[in-house]
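# Analysis of the macromolecular model
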Amino acid sequence: MSYDRVEGRWKYVSMETRFPAGIMPAWSFGGEEDGKISLLFQPLGFVGFGPEVEGRFTASDFVISRDGDNHEVAEQHFLQANGSGKKWLAVRYDYTRQQP
């Protein structure tokens, strides 16, 4: 992840290995706000879980929040084009720096 001073926004790249999405770029609409960095991934066609192949359009975000120098939480939410309009928490990473 890096901050592009020319564009005034964060940029992030993730390589997905759990399903065939490959390289997933994401961008913010601006800088950090209230201790959070919110990024949007480029939308993808999600194939589904298990033997069922759905091929639905999926949008996702990635929100990184920090509540001090030693704790950070990153959450990725998915929104499938299924008519519900509901996003769901797909992944949550909780990082705590250990003191030596």
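The structure we're discussing is the one just above.
Below or above, wherever it landed, is the structure these notes cover. It should be emphasised that the depicted structure is a prediction, and the values quoted were computed from it without experimental measurement. (Residues numbered from 1 in each chain as written. Predicted model: local features only at pLDDT ≥ 70, side-chain atom pairs only at ≥ 80, totals over all residues. Heavy atoms only, no water.)

What follows deals with the overall build of the protein. Across its full length, the protein holds 0 helices and 8 strands. Beginning at the N terminus, the succession of helices and strands in the protein can be written as β-β-β-β-β-β-β-β. By the burial criterion, 29% of the 100 residues in the protein qualify as buried. Looking at the protein alone, contacts between residues at least 24 apart form 28% of all its contacts between residues at least 6 apart. Carbon and sulfur atoms provide 52% of the accessible area of the protein, an area that totals close to 7,100 Å². (Helix = DSSP H or I, 4+ residues; strand = E, 2+ residues; numbered from the N terminus. Buried < 20%, exposed > 50% of the residue type's maximum accessible area, 1.4 Å probe, protein only. Contact = heavy atoms within 4.5 Å. Areas by Shrake-Rupley, 256 points an atom, 1.4 Å probe, with all protein chains shown as cover.)

Turning next to the packing of aromatic side chains. Scanning the model with the defined rule gives 6 aromatic pairs in all. With a centroid separation of 6.1 Å and 70 degrees between ring planes, the pair formed by Y12 and F41 is classed as edge-to-face. Highlighted residues: Y12 in strand β2 (residues 9-16) and F41 in strand β4 (residues 36-41), separated in sequence by 29 residues. Of the two residues examined, Y12 and F41, each falls in the buried class. (Phe/Tyr/Trp six-rings, centres within 6.5 Å; stacked < 30°, edge-to-face > 60°.)

From the geometry alone we can't say anything about function, so treat these as descriptive.
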